[in-house]
Amino acid sequence: MIRTSRPPSVHSTTTESGDPLALLMRPPSMETEPERQLRLQREAEAKRISDSIDEEIKQDRERYKKSKQDVKLLLLGQAESGKSTLQKQFQLMYNPRSLEEERLSWRVVIFYNIVRPVLRILDALDLYGEAGDDDDIATEKVFGSPESGFAPSLQRRSSSIDLSQNGHEMHEYPPSPAPTGPESRLTVLRNRLASLSALEISLAARLSNGVDVSGSGKGSIFVRSGWQSKTFGFSLGRSRERTGSSKGRFSFTGQRTAPSDNATSDGSSVESVSALAEKDKLVEEAASVLNTYKDEVRELWEHPAVKKLRDARKLRLDEWAEYFLNNISRVSAATYTPTTEDILHARIQTMGVAEHIFDVSLHGRTVTWHLYDVGGARGQRHTWVPYFDDATAIIFLAPISAFDQYLAEDPRTNRVDDSLQLFKQICNNALLKNTHLVLFLNKADVLKAKLDRGVKIRKYITSYGDRPNEFETVVGYFRAHFAQVHTRNNENKRILYTHLTSVVDTRATQSIITNVRDSIFRDYLKSAALV
C-alpha cells in the first residue's frame, strides 16, 4: 500500500503552526528563566481556578439533580393558624435533638407570652374598671370595629387589649385614682404589676431585634429564622452553608447536626450551649421579676373582675396566654426549663420564610424533606410565591376557632372568611395545580371550648342560620365550605386530604403527620415513576 503525507491545513490544530491560539500563547523567544518561572506560576494558578470553577459547577449540577428528588412541603395559612406549632411537631418527630438544643432559648418567648397578657389585662381594667356593664355593641367597638367612635386615647387602649389581633404598643401606665372599698386590692395589683411594662419592652426588643414589618398587623413582634442565636448572644446556627460531607447536615434550625452526640453546629457542646443560655442577663432578670410577682399575677388572673371581663368578652386572650397564666407558678420558678408542651404553646410570629431540612425514611427509602414555615400576615404573603413552582405538597392550616375574630390588618374581615379566600387563591394558583394538597381544620379544641361557653356562631357568621350551635354541626359546616371551594377550583381533579386537628396535641398530631407523610410519599413515588 502506498502511503502519502497530507499537507497541513490552515485550520488544522494538530500542529503548532496551524493553531492560532498556540501561536498566541507561545512564550517569547527571549524569555529569561525568572520570567519563565513567573509564567508557569500564573498558568498553574489559572488552571487551579478553572478546575475549581468546574468542580463547583459539577457539584451544583449534582445538588440540583438531587434536590429534584427532594420533597418540598409548604405550611400555608393566615397568621396564628398554627403553622409554626406544626413545624415544631415535625421537628419533635424527625429531629428531636435540635428541639433540645433550642429548649432554653424559648424562655424569652414564654416570659414575653406572660408579661404581655398581664399588661393587656391591666389595660382592660383601666378602661372598664369592675363595672363591665356595657353591652356587646360597645365591646365590638373596643375591639377594632371600623365604626368605633372612641377618642384616640381609648383607641390606643382598645388595640392593646385584644391579644387576638396581636396589638403591640408599649407604654407606661397612668396612675389609677385611689379607690375605696372592694377595689382596693385590685388597685394594689395594678400598681405592683404596672412595672412589668419595662420588661415587656426589653423582651420585645430582644425578640424582634428592632424589626418593624409594615402591613403585618398592629405593631406585631416578628422574628426571622435563627432568632434563637440572638437570645443566647452567640452564633448558634449562623452558617447555612450546605455540604456534601456525610459528617453533618442541616437541622430544623438551619444548624448543622454534628457527628458527636454532644456537639452543636458551631462545634460547642450542648452543655456549653445550655450554660451560655443560662447566663443570659435579660433572661435572668425576667425570671427574677416573674418569680417576684408570680403571686400577684396569679391573683390578678383569678380576680373576679378579670373573670367578669372575660365572660363579657371585653377581654379576649388567645389560648397561649391562658395556658401560661394558668401555669404561672411553675413557669416562674427559679429553675424553670421549658417543657415540650410549653414550647408548643409558645407564640411568636414568623417573618418571611424559614426553611427546615430533615430526612424521612419509609419502606427502606430515605428522602430529604424541605419544610417551609411562612409568615401568614397579609403583608408577608407575597414571600410565598417563589416557593410555589417546585412545591411537592402543601399543608393549609385554617383556624376554625377564629369565627369570632377579625384580621388585625383589616378589622372588617372575619378570619374564617379570610382563610376561605386564601384557600381559594391556593387552589386557583396555576403553579400549584399538581401539588399534593392537605387541609388542616385547626384549633378544634379551642372551637369546642368556645361553643361550650355558649358563644354563638350565627352572631359572627350570619350564613350559619339556625343550625344547632354544636361542635359536630359547626365542624361539618366549615368542612363543607372548604370542600366546596376546592371542588369549584379543581381542574385537575386533585384529591383534598382533610384533617380536624389541634396541633398542640402531640400524640394526635404526630399520628396525623404519619398519615400525611404516607399520602405525600405515595404521590411522590408515582411522580417519580417508581410505582
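You'll find the structure just up there.
Residues numbered from 1 in each chain as written. Predicted model: local features only at pLDDT ≥ 70, side-chain atom pairs only at ≥ 80, totals over all residues. Heavy atoms only, no water.

## Observations concerning the packing of aromatic side chains
Piece 1. All told, the structure shown has 13 aromatic pairs when counted by the stated rule.
Piece 2. Seen in terms of ring centroids, F358 and W369 are 6.0 Å apart; in terms of plane orientation they differ by 40°. Their pairing is tilted. Taken together, the residues span a long stretch of sequence, with F358 in strand 6 (residues 353-362) and W369 in strand 7 (residues 365-374) at a distance of eleven residues. The residues F358 and W369 share a single accessibility class, namely buried.
Piece 3. Both rings, one in W369 and one in F521, keep their centres 6.1 Å apart while their planes meet at 50°; by these two values the pair is tilted. You can see W369 sitting in strand 7 and its partner F521 sitting in helix 21 (residues 506-527), a full 152 residues away along the chain.
Piece 4. Relative accessible area serves as the criterion here: at 4%, F521 is assigned to the buried category.
Piece 5. A connected cluster of aromatic rings, assembled from ring pairs, spans F90, Y94, F358, W369 and F521. (Phe/Tyr/Trp six-rings, centres within 6.5 Å; stacked < 30°, edge-to-face > 60°. Helix = DSSP H or I, 4+ residues; strand = E, 2+ residues; numbered from the N terminus. Buried < 20%, exposed > 50% of the residue type's maximum accessible area, 1.4 Å probe, protein only.)

## Side note on the pattern of salt bridges
Piece 1. Following the criterion strictly, the structure yields 26 salt bridges and no others.
Piece 2. For D51, the salt bridge goes to K47, with nearest N and O atoms at 2.9 Å. Within this pair, D51 and its partner K47 are both found in helix 2 (residues 33-67), separated by four residues, close to a single helical turn.
Piece 3. Residue class for K47 comes out exposed when judged on its relative accessible area of 53%.
Piece 4. Salt bridges linked by common partners bring R378, R381, D410, R412 and D418 together as one network. (Salt bridge = Lys/Arg side-chain N within 4 Å of Asp/Glu carboxyl O.)

## Section: the pairing of strand 6
Piece 1. When you tally the buried positions in strand 6, you get seven out of ten residues, the bulk of the element.
Piece 2. In the sheet, strand 6 pairs with strand 7 via ten bridges, with the strands oriented antiparallel. Paired with S361 across the two strands is T366, which belongs to strand 7.
Piece 3. Taking the residues between adjacent antiparallel strands as the criterion, strand 6 and strand 7 are bridged by two residues, where H363 takes a positive phi near 55°. (Pairing = 2+ DSSP bridges.)

## Points about the environment of V71
Piece 1. Along the chain, the position of V71 falls in strand 1 (residues 71-76).
Piece 2. Relative accessible area serves as the criterion here: at 1%, V71 is assigned to the buried category.

## Regarding the sheet that holds strand 6
Piece 1. Strand order in the open sheet made by the six strands is 6-7-1-8-9-10, with mixed pairing throughout. Only two strands of the sheet have a single partner each, and these edge strands are strand 6 and strand 10 (496-500). For this sheet the average axis-to-axis angle between neighbouring strands, irrespective of direction, equals 20°.
Piece 2. Summarising the sheet, strand 9 (residues 436-442) and strand 10 pair through five bridges and their orientation is parallel. (Axes fitted to C-alpha atoms, helices over the stretch in contact; angles between N-to-C directions.)

## Some words on the nonpolar core
Piece 1. In this structure, F111, I121, L203 and L300 are the most contacted members of the largest nonpolar core, which totals 49 residues.
Piece 2. Mapped by element, the contributors of at least two residues to this core are helix 5 (106-128), helix 8 (184-193), helix 9 (196-208), helix 12 (281-301), helix 13 (304-311), helix 14 (319-326) and helix 15 (328-331).
Piece 3. Ranked by residue count, the leading element in this core is helix 5, at 15 residues.
Piece 4. Those residues within four positions of L300 in sequence are excluded, and the remaining contacts are V118, I121, L122, L125, L186, L189, L193 and V306.
Piece 5. Counting 38 residues, the second largest nonpolar core, distinct from the first, contains F388, F396, A444 and L451. (Core = buried A, V, L, I, M, F, W, Y, C linked by side-chain atoms within 4.5 Å. Contact = heavy atoms within 4.5 Å.)

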